[in-house]
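Read off the chains here:
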Amino acid sequence: MSKPILHAQGITKSFGDQVALAPLDLDMEAGKIVGLLGPNGAGKTTLLRMVTGITKPDRGRLRMWGESHHRGLLSRMGYLPEERGLYKSMRVAEQVLYFATLRGMTRPEAERDLKQWFERLEVEGWWNREVADLSKGMAQKIQFIATVLHRPELLILDEPFSGLDPINAALVRDQMLRLVKEEGTTLVLSTHNMGSVEALCDEVVLLHKGQKILSGPTDEVRESARQGRVQVVVHGNLMAFVAELGARAELLHSSTEGDRHTLDLTLPEAWGMPAFLAWAVQHVEVLEARPVRLSMEEVFVQTVESVGA
Amino acid sequence: MNGWNTVLAIVRREYLTRVRRRAFVVATVLGPILTVGLIAGLVLLTQSTEDPVKAWVVDHDGLITVPTDGGQFVPTCPACYRERPLLTYRFGREEKTKEVLQAEGYTCMLTFDAGLMQSEKMQLLQLSPPPGRAKRAMERDFSEALERLKVRERADLDYDAYLSLKTDVSLVALDIDTGEQKGEERALLGFMFSVFMFTFVLIYGMHVMRGVIEEKSNRIVEVVLSTVRPSQLLAGKIAGIGLVGLTQILGWAVLSWGLFFVFGLALDQSAWMEGWAQTQGLAPEAVDLTTVMASQSELAFLLDINWGVMLTCGALYFVLGYALYSAFFATIGAMVEQESDAQYLLLPVMAPLLFSYMLASMSLDSPESTLAVVSSFVPFSAPISMMVRLPMGVPWWHVALSMALLLATTVALVGLAGRVYRVAILMYGKKPNMKEVVRWMFHPDSGAL
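Residues numbered from 1 in each chain as written. Chains lettered and ligands numbered in written order. Predicted model: local features only at pLDDT ≥ 70, side-chain atom pairs only at ≥ 80, totals over all residues. Heavy atoms only, no water.

Draft legend 1. View of the overall build of chain B. When its secondary structure is counted, chain B shows 18 helices and eight strands. Scored against the burial criterion, the 449 residues of chain B give a buried share of 43%. Relative to all contacts within chain B whose residues are 6 or more apart in sequence, the contacts with residues 24 or more apart total 71%. Put simply, chain B shows about 24300 Å² of open surface, and 64% of that area lies on carbon and sulfur atoms. (Helix = DSSP H or I, 4+ residues; strand = E, 2+ residues; numbered from the N terminus. Buried < 20%, exposed > 50% of the residue type's maximum accessible area, 1.4 Å probe, protein only. Contact = heavy atoms within 4.5 Å. Areas by Shrake-Rupley, 256 points an atom, 1.4 Å probe, with all protein chains shown as cover.)

Draft legend 2. Looking closely at helix 5 (residues 166–183) of chain A. Residues and elements named next belong to chain A. Taking 1.5 Å of rise per residue, the 18 residues of helix 5 would be expected to cover 26 Å, and the 25 Å separating its terminal C-alpha atoms lies within 8% of that figure. Those residues of helix 5 lying buried are N168, A169, L171, V172, Q175, M176, R178, L179 and V180. As for helix 5, its buried residues are in contact with strand 3 (33–37), helix 3 (107–120), helix 4 (136–148), strand 7 (154–158), strand 8 (186–190) and helix 6 (194–200). Two or three places before I167, at the opening of helix 5, D165 has a side-chain oxygen 2.9 Å from that residue's backbone nitrogen. One or two positions beyond helix 5, positive phi appears at G184, with a value near 70°. (Expected span 1.5 Å × (residues − 1). Polar contact = N/O pair within 3.5 Å; in protein donor to acceptor, adjacent residues only side chain to side chain.)

Draft legend 3. Fine view of the interface of chain B and chain A. Taken residue by residue, the interface counts 29 residues in chain B and 34 residues in chain A. Buried surface at the junction of chain B and chain A, summed over both partners, amounts to about 2900 Å²; 57% is from carbon and sulfur atoms. Its largest share of buried area at the contact with chain A, chain B owes to B:R13, B:E222 and B:L449, together 24% of the area lost on that side. For the side of chain B that touches chain A, the element with the most residues is helix 1 (residues 3–19) of chain B, which contributes six residues. Looking at side-chain class alone, the side of chain B that touches chain A contains 11 nonpolar, seven polar and 11 charged residues. (Buried area = accessible area lost by both parts, 1.4 Å probe. Nonpolar A, V, L, I, M, F, W, Y, C, P; charged D, E, K, R; others polar.)

Draft legend 4. Main features of the sheet that holds strand 6 (residues 123–126) of chain B. Residue and element names in this part refer to chain B. Spatially, four strands are ordered 4-1-5-6 in an open sheet, and the strand pairing comes out mixed. A single partner strand is all that each edge strand has here, and the edge strands are strand 4 (87–92) and strand 6. In this sheet, adjacent strand axes meet at a mean angle of 25° when their direction is disregarded. With five bridges joining them, strand 1 (residues 53–59) and strand 5 (residues 108–112) adopt parallel strand pairing. Looking at the pairing, V58 lines up with T111 of strand 5. Its contacts with the sheet put helix 5 (residues 132–154) on strand 1, strand 4, strand 5 and strand 6, and the angle it makes with strand 4 is roughly 50°. (Pairing = 2+ DSSP bridges. Axes fitted to C-alpha atoms, helices over the stretch in contact; angles between N-to-C directions.)

Draft legend 5. The arrangement of the pattern of salt bridges in detail. Inspection of every chain in the model, using the stated rule, returns 24 salt bridges over all chains. A:E111 is the partner of A:R107 in a salt bridge, and the nearest nitrogen-oxygen pair spans 3.3 Å. One end of the pair, A:R107, and the other, A:E111, are both in helix 3, four residues apart, so they sit about a helical turn from each other. Ionic contacts of the salt-bridge type, sharing partners, join the residues B:R13, B:E14, B:R18, B:E215 and B:K237 into one network. (Salt bridge = Lys/Arg side-chain N within 4 Å of Asp/Glu carboxyl O.)

Draft legend 6. Up close: the packing of aromatic side chains. Within the structure shown, the criterion is met by 25 aromatic pairs over all chains. Both rings, one in A:W117 and one in A:F144, keep their centres 6.1 Å apart while their planes meet at 80°; by these two values the pair is edge-to-face. With A:W117 in helix 3 and A:F144 in helix 4, the pair connects residues that are 27 residues apart, well separated along the chain. Residue classification places A:W117 among the buried residues on the basis of a relative accessible area of 4%. Between B:F198 and B:Y357, the aromatic rings sit 4.6 Å apart at their centres with planes inclined by 25°, giving stacked as the arrangement. (Phe/Tyr/Trp six-rings, centres within 6.5 Å; stacked < 30°, edge-to-face > 60°.)

Draft legend 7. Main features of the domain arrangement of chain A. Along its sequence, chain A is organised into domain 1 (4–223) and domain 2 (227–292). The C-alpha centroid of domain 2 of chain A is placed 44 Å from the C-alpha centroid of domain 1 of chain A. (Domains from an automatic or database assignment.)

Draft legend 8. Up close: unusual backbone geometry. Even without glycine at this site, A:W65 takes up a positive phi of about 50°. With a phi close to 65°, B:R219 is a non-glycine residue in the positive phi region.

Draft legend 9. Fine view of the packing of helix 2 (residues 92–102) of chain A against helix 4 of chain A. Residues and elements named next belong to chain A. The N-to-C vectors of helix 2 and helix 4 enclose an angle of 30°; their axes lie 8 Å apart at closest approach. When the axes of helix 2 and helix 4 are compared, the pair comes out roughly parallel. Judged by the sense of rotation from one axis to the other, the crossing of helix 2 with helix 4 is right-handed. For the pair helix 2 and helix 4, contact is made by V92, V96 and F99 and by I142, I145 and A146, respectively. Of the residues that constitute the contact of helix 2 with helix 4, the class distribution is six nonpolar, no polar and no charged. (Parallel < 35°, antiparallel > 145°, perpendicular 65-115°, else oblique. Left-handed = near helix turned anticlockwise from the far one by under 90°.)

Draft legend 10. The pairing of strand 10 (residues 211–217) of chain A, seen in detail. Inspection of the sheet shows strand 9 (residues 203–208) of chain A paired to strand 10 of chain A by six bridges, in the antiparallel sense. If you follow A:V204 over to strand 10 of chain A, its bridge partner there is A:G216.

Draft legend 11. A look at the environment of A:R129. Residue and element names in this part refer to chain A. Examined against the element boundaries, R129 turns out to sit in the loop between helix 3 and helix 4. Exposure remark for R129: the relative accessible area of 36% places this residue in the partly exposed category. Spatially, the C-alpha atoms of R129 and L287 are 62 Å apart, while their sequence positions differ by 158 residues.

Draft legend 12. View of the nonpolar core. By size, the foremost hydrophobic cluster in this structure holds 155 residues, and its most contacted members are A:L6, A:L47, A:M64, A:L134, A:L154, A:M176 and B:Y317. With 14 residues, helix 7 (residues 184–217) of chain B is the single largest residue contributor to this core. With sequence-adjacent residues up to four places away left out, A:M64 is seen in contact with A:I5, A:L6, A:V51, A:H69, A:L73, A:M77 and A:L154. (Core = buried A, V, L, I, M, F, W, Y, C linked by side-chain atoms within 4.5 Å.)

Draft legend 13. Structural context of the environment of A:A278. Residue and element names in this part refer to chain A. One can find A278 in helix 9 (residues 273–280). Residue classification places A278 among the partly exposed residues on the basis of a relative accessible area of 44%. Between the alpha carbons of A278 and R222 there is a distance of 26 Å; along the sequence they are 56 residues apart.

In structure tokens, the structure reads:
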């Protein structure tokens, strides 16, 4: 097991009568990309604000890099909140350098690194431009640079791709992956974009109403949540097969290509894949059969709905 | 980065982004020039728009005129009617019609008979209303002429002897301990200082509020707070903007001094100064602006004022008063997302400021009244009220006590305001109510890390 970067034990936070975070336990390892998921109001922002030192837990223990959390650790993190902005009356580079100085970088060091980042994100000509002149996508890239310039070991990005066109989103994503791979940065990604979670995250944490309802490696989570989902490709009389299937299993979707029929089914718990196939071959010719992993989106909806119910 | 360096970095940003703005440079440079120019312009304008008055004086009963051989009439006291560019007289016994007056270039006709000695009223028939200055000059001229007449008729004195007996008592107020002169002009100077104080506290307090609203509404505050404490951000912002205010005051002081100096030099070279020196019986070389000022009772006090004390106390009161009020302005800024929402919250902050300004203008007449003294100790009004009293001479312990009270209150209130600020600044979509604000003040949440 690699080094733990974050260890939370029973942390809570309330605002007046409203509980934002019920006692929460959480562990994160260095060098991973962790997806922080949850519907609006699940407590993600509250959790991120505690990690970034903006607020303190009411109760519980929060340890970072093996130490009890303190302000000295904040410069080891970079935080890009979902709602983010820039000072309109400043020039682009001056503003990024200001944040770098606040996070303890010396000016020459920050200027040198900033030049590299301007090249990486293809914004070279913008050094001395007014922030007010930036397009939304351009401002997003500048905010990203301001978040990573001081080489944080833990990078917390809340909806990093919102407002970016596909080309710029790919540019930013590549840089995120480079940081993880080459510099060993740990990345926490808070997003509603499940596609990017599937593509990027090693692990996911799903919060709902201030509680952790699901967590683990992304593949395992999708695997364990598949709950009898199978896809079969059959040859034969589809109508008769579906009639025979009746209420034995739930037919989610079917499509036909020539005389090949593809069916997505959810099997009841009592009916495993082998038993189902043994039954199916009596009615149709089974060409292919495989268990299907749920998409992260399906896992999300299904888990939240089941907890809600 | 340690706490002080963080605050300094914030101060630097707040200061530099503001003093680099064109509007700031223009206001700082043009402020004194515009003020002086405006006053000079007004004076020139009123003078140039005053049309000269030519008065036809009809002395029906020959009270103050005598006929000459040529059938003309001349005043018995020619010295009473000095020739001025603005005002000239011609004398006679007969009234002229409007048409004749117009044709001969008169702008008005003054008529009176022997009854003037009792009534002290004369009629002014005007073709066009004369300027106030000309009217006052006419009143002065004829008063003097009548006075001479009365003195000659009723007493065994000549007019010069009468003048030497004429007495006009004025009160010269002195401090019983120091023997220093106190005067209304001094209170007026103090009032001007307090007007500046009021304006600057208000303007720069509003700057703080706008700065906080900008950070909150464009959501940059969350990024900043993930690096610095709310109290550091608040302190840095207040200090940075306060420095901008001090820079502007300094700029204005230096420029005003420069203008005063240039004005003095120009005046030294001018014909006016030579003329003035002659009327005072002084050698023109020995005269400069300071001598002119010293000779005018309305200006002489400016030379006696202890400017060092005045400016130092002014700067200290500005710093403390500004810190006190801007903590409130910052809190209001943190509670709203746009400036228009701040209007109704501003009233409780503006009220003490306006109240002390009104108190200051009331205490102009009696700068040592109980009200004026008490309000110069109350922290909310001290920066404004004490400035009125200062030029009159105030016991040092009054100033020290007033500043100590102000400092203590500022520290306490900045602390309370900081508690509200740090919660409110992260709250979106909902305006906090008074109950919540009070709760944050006295039962603060766990706050930042």
